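Observations on chain architecture
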Amino acid sequence: MNFNSSPFLALATLTFLLYYLPGFTRYQVAILIVASLAFYAYGQPYLLLLLLGSVTINSVCSFRVLQAESQRRRLLWAASGVIFNLSILVFFKYNRLVAEALMVSLSSIDGAGSLLLALPLPIGISFYTFHGISLVIDVFKRGDPKSIGAMHLQTSLSAHFRQTLLYLTFFPQLIAGPIVKAHFFYPQICPKGFRNIDWELAFKSLITGYFLKLVVADNLQDQTFWIAYPYFLNFSSLNLLFFLFGYSIQIFADFAGYSLIAIGLAALFGYRLPINFNFPYVSQSFSEFWTRWHMSLSSFLREYLYYPLGGNRIGTARTYINLMVVMALGGLWHGATLSYAAWGALHGSALVVERRFRDSRLYQGAGRYLVVVRVILVFVFVTFAWLLFKLPRFEEVVAFVQAMTGNVHQSANPLFIFVIALYSFPVIVYHLLYLLKKRHPALLERAQPAAYGVMLSAIMLNSGRPNAFIYFQF
Amino acid sequence: MICCFSVVFCYNLLISVWKPGIDVAASQWSLNRIKAERYIYEPIQPSAVIVGTSLAMALPQEGLGSQTVNLSLGAVGPLTGLEIVRRARSRPVVVIIETNLFAREVDEEFVDALFSPGAYLAREVFPALRHEFQPVNVAINFARRQTKRSSSESFLERPNPEIFRRMLEVNRGELDRVPSASAMDAALAKLKSYIATLESRGVKLIFLKMPVHHTLQKSYVIANNIARLKEAFPDSQYRWVAFDHHGEVFQTKDGLHLIYPDALIVSRRLRSEIESAIEK
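Given the structure is predicted, the values throughout are model-derived calculations rather than measurements. (Residues numbered from 1 in each chain as written. Chains lettered and ligands numbered in written order. Predicted model: local features only at pLDDT ≥ 70, side-chain atom pairs only at ≥ 80, totals over all residues. Heavy atoms only, no water.)

A few points about the overall build of chain B
What counts, and what does not: Numbered from the N terminus, helices here are DSSP runs of H or I no shorter than four residues, and strands are runs of E no shorter than two. Restricting the calculation to C-alpha atoms gives the radius of gyration, and the globule rule supplies 2.2 Å times the number of residues raised to the power 0.38. We call a residue buried when its accessible area falls under 20% of the maximum for its residue type, exposed when it is over 50%, and partly exposed in between, using a 1.4 Å probe and counting protein chains only. Whether two residues are in contact is decided by their heavy atoms, any of which lying within 4.5 Å being enough. Reported accessibility uses the Shrake-Rupley method at a 1.4 Å probe radius. Residues are deemed covered only where the shown protein chains occlude them. Charged residues are defined narrowly, with Lys and Arg counted positive, Asp and Glu counted negative, and His plus the chain ends left uncounted. A single reference atom marks each charge: NZ on Lys, CZ on Arg, CG on Asp, CD on Glu.
Scanning chain B for helices and strands turns up 13 helices and five strands. At 19 Å, chain B has a C-alpha radius of gyration in line with the 19 Å of a compact globule built from 280 residues. C-alpha extents for chain B along the principal axes are approximately 60 × 50 × 40 Å. Going through the 280 residues of chain B one by one, you find that 52% of them count as buried. Once local pairs closer than 6 in sequence are excluded, the contacts in chain B between residues at least 24 apart make up 77%. As presented, chain B carries roughly 13,100 Å² of accessible surface, and 57% of it is formed by carbon and sulfur atoms. Counting 34 positive and 30 negative side-chain charges, chain B places the centres of these two groups 3 Å from one another.

Section: the overall build of chain A
Helix and strand content of chain A: 21 helices and zero strands. Its C-alpha atoms give chain A a radius of gyration of 23 Å, within 12% of the compact-globule value 23 Å for 474 residues. Its C-alpha atoms give chain A principal-axis dimensions of roughly 70 × 55 × 50 Å. Taking all 474 residues of chain A together, 54% fall into the buried category. Residue pairs in contact within chain A that sit at least 24 positions apart in sequence constitute 77% of those at least 6 positions apart.

Side note on the interface of chain B and chain A
The criterion, for reference: Take the accessible area each of two parts loses on contact, using a 1.4 Å probe, and add the two losses: that sum is the buried area. What qualifies as a polar contact is a pair of N or O atoms within 3.5 Å, subject to a donor-acceptor requirement within protein and to the restriction that residues adjacent in sequence count only when both atoms come from side chains. Ten residue types, Ala, Val, Leu, Ile, Met, Phe, Trp, Tyr, Cys and Pro, are classed as nonpolar, four, Asp, Glu, Lys and Arg, as charged, and the remainder, Gly among them, as polar.
With 33 residues of chain B in contact, the opposing surface of chain A contributes 30 residues. The junction of chain B with chain A conceals about 2,700 Å² of combined surface from both sides, 72% of it contributed by carbon and sulfur atoms. Taken together, chain B and chain A are joined by six residue pairs in polar contact (both at pLDDT 80 or more). Those elements that provide at least two residues to the side of chain B that touches chain A are α1 (2-18), α8 (135-144) and α9 (161-175) of chain B. Examining the composition of the side of chain B that touches chain A, we find that six residues originate from one element, α1 of chain B, more than from any other. Residues that form the side of chain B that touches chain A fall into these classes: 23 nonpolar, seven polar and three charged.

A look at helix α17 (residues 368-385) of chain A
All names here are of chain A. As a reminder, the rule being used: Expected helix span is computed as 1.5 Å times (number of residues minus one).
The end-to-end C-alpha separation of α17 is 26 Å, in line with the 26 Å expected for 18 residues at 1.5 Å each. Within α17 the residues assigned to the buried category are Leu370, Arg374, Val378, Phe379, Val382, Thr383 and Ala385. In the core, the buried residues of α17 are packed alongside α11 (237-268), α12 (286-292), α15 (338-356), α16 (361-364) and α18 (387-390).

Notes on the packing of helix α2 (residues 28-41) of chain A against helix α7 (residues 157-169) of chain A
Residues and elements named next belong to chain A. The condition that has to hold: Axis lines are fitted through C-alpha atoms, for helices just across the contact stretch, and the angle between N-to-C directions can take any value from 0 to 180 degrees. The labels follow the angle: roughly parallel below 35 degrees, roughly antiparallel above 145, roughly perpendicular from 65 to 115, and oblique for the rest. Crossings are assigned a handedness: left-handed for a near helix turned anticlockwise from the far helix by less than a right angle, right-handed for a clockwise turn.
Where α2 contacts α7, the two axes come as close as 9 Å, and the packing angle between them is 45°. Relative to α7, the element α2 is oriented oblique. Here the hand of the crossing between α2 and α7 comes out left-handed. Contacts between α2 and α7 pair Val29, Leu32, Ile33, Ser36 and Leu37 from the former with Arg162, Leu165, Leu166 and Thr169 from the latter. Of the residues belonging to the contact of α2 with α7, the class tally is six nonpolar, two polar and one charged.

Quick notes on the nonpolar core
Counted only if it meets this: Side-chain atoms within 4.5 Å are what join buried Ala, Val, Leu, Ile, Met, Phe, Trp, Tyr and Cys residues into a set we call a nonpolar core.
One finds Phe3, Tyr271 and Trp293 of chain A to be the most contacted residues of the largest nonpolar core, which totals 162 residues. If one sorts the elements of this core by residue count, α11 of chain A sits on top with 19 residues. Judged by nonpolar contacts, the second largest core, of 67 residues, contains Val51, Leu82, Val85 and Ile96 of chain B.

Let's talk about the side chain of Asn276 of chain A
Residue and element names in this part refer to chain A. Of note, Asn276 is situated in the loop between α11 and α12. A distance of 3.1 Å separates the side chain of Asn276 from the side chain of Ser259, its partner in a polar contact. For Asn276, the residues in contact, after removing those within four places along its chain, are Pro178, Phe255, Ser259, Arg292, Trp293, His294, Met295 and Ser296.

A look at the pairing of strand β3 (residues 94-98) of chain B
All names here are of chain B. Rules: What makes two strands pair is DSSP finding at least two bridges between them.
Counting buried positions over the five residues of β3 gives five, a clear majority of the element. Neither face of β3 is exposed, since Val94, Ile96 and Glu98 on one face and Val95 and Ile97 on the opposite face are all buried. Where strand β1 (residues 48-51) and β3 come together, four bridges link them in parallel fashion. Of the residues in β3, the one forming a bridge with Ala48 is Val94. In this structure, β3 lies alongside strand β4 (residues 204-209), joined through five bridges in parallel fashion. Across the sheet, Val95 pairs through a bridge with Leu205, a residue of β4.

Re the confidence of the model for chain B
Selection criterion: On a range of 0 to 100, pLDDT expresses the predictor's confidence in each residue.
The pLDDT averaged across chain B works out to 88; a share of 95% of its residues lies at or above 70. Scoring of the predicted complex yields 0.89 for pTM and 0.85 for ipTM.

Observations concerning the pattern of salt bridges
Stated formally: One side-chain nitrogen of Lys or Arg within 4 Å of one carboxyl oxygen of Asp or Glu is enough to make a salt bridge.
Applying the stated rule across the entire model yields 23 salt bridges over all chains. Ionic pairing is found between Arg272 of chain A and Asp198 of chain A, a salt bridge with its closest N-O pair at 3.6 Å. In this pair, Arg272 of chain A is assigned in the loop between α11 and α12 and Asp198 of chain A in the loop between α9 (182-185) and α10 (199-224), connecting sequence segments 74 residues apart. For Asp198 of chain A, a relative accessible area of 31% translates into the label partly exposed. The shortest N-O distance in the salt bridge between Arg292 of chain A and Glu288 of chain A comes to 2.8 Å. Of this pair, Arg292 of chain A and Glu288 of chain A both sit in helix α12, four residues apart, which is roughly one turn of that helix. Because the salt bridges share partners, they merge into one network encompassing Glu83, Arg86, Arg87 and Asp112 of chain B.

Points about the sheet that holds β4 of chain B
All names here are of chain B. Read from one edge of the open sheet, five strands run β2-β1-β3-β4-β5, paired in parallel fashion. A single partner strand is all that each edge strand has here, and the edge strands are β2 (68-70) and β5 (239-242). In this sheet, adjacent strand axes meet at a mean angle of 20° when their direction is disregarded. Bridge count between β4 and β5: four bridges; the pairing is parallel. Each bridged residue has a counterpart across the sheet, and for Leu208 the counterpart in β5 is Val241.

Here it is as structure tokens:
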């Protein structure tokens, strides 16, 4: 069920009305759970089995960690939870990749195995398995003030199961994040009042989110469609450059738009989700980019993988290895092909190289010219790296780059350039306003109502063809 | 909210007064949507309407004349066009059905979005809500007058031989892929039901075989489509039109889509056929 579909609007409205009905306060968690399960089951009800199975096992494992009397048994249950989550992720998402690596022909597998392998990738699996991992690890960290007391965990299995069911199925974040850590979400599970809704946050997030998705991303999708083999072979270098630029804007608008919609929806029900994008295209370094892009994933990988591997505490060489491993696995999380791992490794390499040169004038200089050069450098690198997202086969990426460098003498079609520039303009303005906000806060504050009014008008007047969110495929 | 409704209201007023001419769309889908909405909302009733794919879409309006609407839609098939004709208020005298790639399923999402009751009425009352008058489309057409290119596909007008060869190879590969028999049967059954509906309204039919590259004429998909249709709608009972049966060769951009000069020739000949069908 897409956030921009009529069934979803009907479901969200009905849920909202029931949620705040007088006398229904004690049923709020149940209402959200039912709505979330309906949201997930729409179109593919059989996938509910896997989701509910995941909830059950994560509940049991995390509850056993809580109840275990020895550190050893706590570790055992926590490890079981993590292994279970990773196993289902590997099985459903990476079965083909693993088979290729083991040189096993998938057609040679029969019976129940072939039936399972034939299942489509369960939507949202990358997200709810990560939530499951966060839960068992956060509960395991007993000495950490973030766990138990602060997490408001329950002492009975049934109550804990209900909380976990909400955490793993909460519909704003279920399909495509943000990845919310358990210690951030659990303390929020309590009765909510209509008067406590953060209306400003909800409306601003929803309007901006739907604008980025419906007006920017959906319209750019019809232009970047041409980044597909063999169509891109016919275009001039300039057109291809703009298509790639347009894709960079599209993927930001699509994903940031989704995240903002999720934040806005959650706010309507009294829950806060973490910010997932913080104007990433103003980044002056790759490390800064990863503190601004898909922040919830970066934070998750940092806390649950990078730090446990040693982070930057075990020497330079080990730091570089840790960066490469984390980024490659982060890339692989996005998709079950080597091109995604390559994308992650590319970013890992950039981070490693950057560390080597971070004391250089290029990185340390504060002059305006150097700032602009750094921002452009990061943006260009990130944009070209997106090719590995858009074209899953390496040979097509190579063909695209060859066409980009080889079709210089072919005449460009200005229509494509004009359209991409028009639809990219709001995202550029969005980033510039972020920079201007520091200098002219009062002016921008006064212009806000008009800006939101214009965005709402654009949603009504200039929405594109409805498309699924890009990150739904992960 | 006040700002939003003010903007929409003022924009609607501007569009109603200015009536900007829209010839170019931002994308293929946008163009499809504009053509479909024009067919649904325009007060002028055309005598003939063409339904088809991007092959028939290449037939220029100047060759077809003012009484024929070309409702051929890129990336979808004639079944989608027929569904629009079925649901729309307009009652054409003649419907021309492109046969080369007829078996593409109806794009239900596209058609439902056009005819969903609330949105249909809103677009009828507020033309500014129609796709044609989206601010970006208006801006594109305003700027287009400063450029020489006339359509989003004009880049394909004169491909170089290497690109033509590559695209022909790709198209040959696609059209030699055997489609599922059940999908084919379903498409044919659907077409039969549309034909029955049109005939019950007294509409005359023309089955159009668009000229394509000779190697693609013999491709599995096109050859099979034509054979199945001729079996279901034989020459003896239905009017079939083709323009390349005397060995005449028409040039294409990529094996499938006619270049402009040849498309103009075909459209003029088709116009004669349409006029003849209307007179009978």
